[in-house]
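Letter by letter, the chains look like this.
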Amino acid sequence: MKKTPHISPAGPADAHVKATREQWLGASIDTLRMEGVDQIRVLPLAQRLGVSRSSFYWYFQSRENLLDEVLAAWSAKNTASIVDHADRSSLTIASGVLGLFECWADSRLFDPKLDAAVRAWASRDVEVEAAVVGADQTRLDAIAGMYARHGYVDSTVRAQVLYYTQIGYYALGIDEPNDVRLVDAAAYVQALTGTDPTSTEVAAFAEFLDQVDKSNQYDQCEKGTS
């Protein structure tokens, strides 16, 4: 996929063009998640957004430029969230791992369907494949760094076990509700670190899960009334 740098204008001068750059990009990401990269095409996206296809070119030079930005958005969300959480300061490895679990529990931090869609795309595009390989290594390095900060000499292996296990869950289509995540959290931490989380650490994770579930319920209610 040829990289085509593009500087987006502030917005179209045509008052009849109603879709924003973010809406074009969001519709493209949704299409990738649900239908695959082949379905990211200008005319169907314009019809979905209810605008003229000519408005696309206010924001993107070409379909290839759009695909570049879709890939960048995937990286900015899915890889950055793992790196950010792994890099957090934590008093214990147990709290560090529970903090990383937040990514798996909140799709606003890590979108497994988007990750799977990008991996499917990578199977057909060598440049996207390289991006995925690089992202996996960046994620692994961050997780290994978390273990290393807590004195684990086998930090690379432990990072691989943690990360590959979670990616394997997604590959198998396993989608655990957060109440199940909470029940199993302490056992997972023990398996991944050799230590037990404190009751305070588990309670903090439980509070996070509760906030995620409340936010998801609110979003569903909003969609139901829109």
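Cut-off values and rules
Per chain, residue numbering runs from 1 following the sequence as it is written. Totals for whole chains, interfaces and linings use every residue, but because this is a predicted model, local features are given only for residues with pLDDT of at least 70 and side-chain atom pairs only at 80 or more, for both listing and counting. Hydrogens and waters are ignored; side-chain quantities use all the structure's heavy atoms. Starting at the N terminus, helices and strands are each numbered in turn, a helix being any DSSP run of H or I of at least four residues and a strand any DSSP run of E of at least two. Categorising residues by exposure relies on relative accessible area from a 1.4 Å probe, with only protein chains included: less than 20% of the type maximum marks a residue as buried, more than 50% marks it as exposed, and the intermediate range marks it as partly exposed. The contact criterion used throughout is that any non-hydrogen atoms of two residues lie within 4.5 Å. pLDDT runs from 0 to 100 and stands for how confident the predictor is about each residue. Every case where a carboxyl oxygen of Asp or Glu lies within 4 Å of a side-chain nitrogen of Lys or Arg is listed as a salt bridge. For our purposes a nonpolar core is just a set of buried Ala, Val, Leu, Ile, Met, Phe, Trp, Tyr and Cys residues, chained together by side-chain atoms within 4.5 Å. The arc in question is formed by the directions pointing from the helix axis toward the C-beta atoms. Any pair of nitrogen or oxygen atoms within 3.5 Å is treated as a polar contact; in protein, a donor-acceptor pairing is required on top of that, and neighbouring residues in sequence qualify only through side-chain atoms on both sides. By definition here, a helix of n residues has an expected span of 1.5 Å times n minus one. To obtain the bend at a residue, axes are fitted to the seven residues ending there and to the seven starting there, and the angle between these axes is taken. Centres within 6.5 Å are what make two rings of Phe, Tyr or Trp a pair, Trp counting through its six-membered ring; a difference in plane orientation under 30 degrees is then read as stacked, over 60 as edge-to-face, and the rest as tilted. An axis is simply a line fitted to the C-alpha atoms; with a helix, the fit covers only the stretch in contact. Between two such axes, the angle follows the N-to-C directions and lies from 0 to 180 degrees. Roughly parallel covers angles under 35 degrees, roughly antiparallel covers those over 145, roughly perpendicular covers 65 to 115, and oblique covers all other angles.

Peer 1: Got a minute to help me understand the overall build of the chain in this structure?
Peer 2: A tally of regular secondary structure across the chain gives nine helices and zero strands. Along the chain direction, N to C, the helices and strands of the chain fall in the order α-α-α-α-α-α-α-α-α. Within the chain, the fraction of its 226 residues that count as buried is 41%. Within the chain, counting contacts between residues at least 6 apart in sequence, those at least 24 apart form 71% of the total.

Peer 1: Explain the confidence of the model for the chain here, please?
Peer 2: The predicted coordinates ought not to be read in detail in places where the model reports low pLDDT. Confidence along the chain averages 91 in pLDDT terms, with 88% of residues attaining 70 or more. Looking across the chain, the model is least confident in helix H9 (residues 199-225), with a mean pLDDT of 84, and most confident in helix H6 (residues 126-149), with 98.

Peer 1: What is the right way to look at the pattern of salt bridges in this model?
Peer 2: When the charged atoms of two side chains with opposite charge come close together, those side chains can pair. Throughout the structure, instances matching the rule amount to 11 salt bridges. Where Asp-30 meets Arg-48, a salt bridge forms, and the shortest distance between an N and an O atom there is 3.4 Å. Highlighted residues: Asp-30 in helix H1 (residues 21-35) and Arg-48 in helix H2 (residues 42-49), separated in sequence by 18 residues. The class of Arg-48 is partly exposed, set by a relative accessible area of 46%. In this structure, Arg-108 and Asp-106 form a salt bridge, with 2.9 Å as the shortest nitrogen-oxygen distance. A single network of salt bridges, built from pairs that share partners, joins Asp-115, Arg-119, Asp-136 and Arg-139.

Peer 1: Quick question: what am I supposed to make of the nonpolar core here?
Peer 2: Proteins that are soluble and globular tend to have nonpolar side chains buried together. The biggest cluster of nonpolar side chains holds 32 residues, and the ones touching the most others in it are Val-97, Trp-104, Ile-143 and Tyr-147. For this core, the secondary-structure elements that each account for two or more residues are helix H3 (63-86), helix H4 (93-105), H6, helix H7 (155-171), helix H8 (178-193) and H9. Sort the elements by how many residues they give to this core and H4 lands first, with nine residues. When residues no more than four places from it in sequence are discounted, the contact partners of Tyr-147 are Ile-93, Val-97, Tyr-152, Ser-155, Arg-158, Ala-159, Leu-162, Leu-192 and Thr-193. Formed by 28 residues, the second largest nonpolar core is a distinct cluster that contains Leu-32, Val-37, Leu-45 and Phe-56.

Peer 1: For this particular structure, what's the right way to read helix H5 (residues 112-122)?
Peer 2: Note on helix geometry: an α-helix contains 3.6 residues per turn, so any two residues three or four positions apart are oriented the same way. Listing the buried residues of H5 in full gives Leu-114, Asp-115, Ala-117, Val-118, Trp-121 and Ala-122. The arc that holds the buried residues of H5, viewed along the axis, is 165°, so those residues lie on one side. Capping of H5 at its N-terminal end is provided by Asp-111; its side-chain oxygen lies 3.1 Å from the backbone amide nitrogen of Lys-113.

Peer 1: For this particular structure, what's the right way to read the side chain of Thr-31?
Peer 2: Note that Thr-31 resides in helix H1. Apart from residues no more than four positions distant in its own chain, Thr-31 is found in contact with Gly-36, Gln-39, Ile-40, Leu-45 and Arg-48.

Peer 1: What is the right way to read H3 from this model?
Peer 2: Over its 24 residues, H3 extends 34 Å from the first C-alpha to the last, a length consistent with the 34 Å expected when each residue adds 1.5 Å. At Ala-80, H3 shows its largest kink, close to 35°.

Peer 1: I would appreciate a short explanation of the packing of aromatic side chains in the present structure.
Peer 2: To describe a pair of aromatic rings, one takes the distance between the centres and the angle between the planes. Counted according to the given criterion, the structure contains nine aromatic pairs. Note on Phe-56 and Tyr-57: the rings are 4.9 Å apart at their centroids and 85° apart in plane angle, and the pair reads as edge-to-face. Residue classification places Tyr-57 among the partly exposed positions, given a relative accessible area of 46%. One aromatic cluster is present, built from ring pairs that chain together Trp-24, Phe-56, Tyr-57 and Phe-60.

Peer 1: What am I meant to see in the packing of H7 against H8 here?
Peer 2: When two helices pack together, their arrangement is captured by the angle between the axes and the distance separating the axes. The interhelical angle for the contact between H7 and H8, taken along N-to-C directions, is 140°, at an axis separation of 9 Å. Of the possible angle classes, the one that applies to H7 and H8 is oblique. Across from Arg-158, Val-161, Leu-162 and Tyr-169 in H7, the residues of H8 making contact are Tyr-188, Leu-192 and Thr-193.

Peer 1: Sorry if this is basic, but what is going on with the environment of Asp-154 here?
Peer 2: Turning to its location among the elements, Asp-154 is positioned in the loop between H6 and H7. A relative accessible area of 30% means that Asp-154 is categorised as partly exposed.

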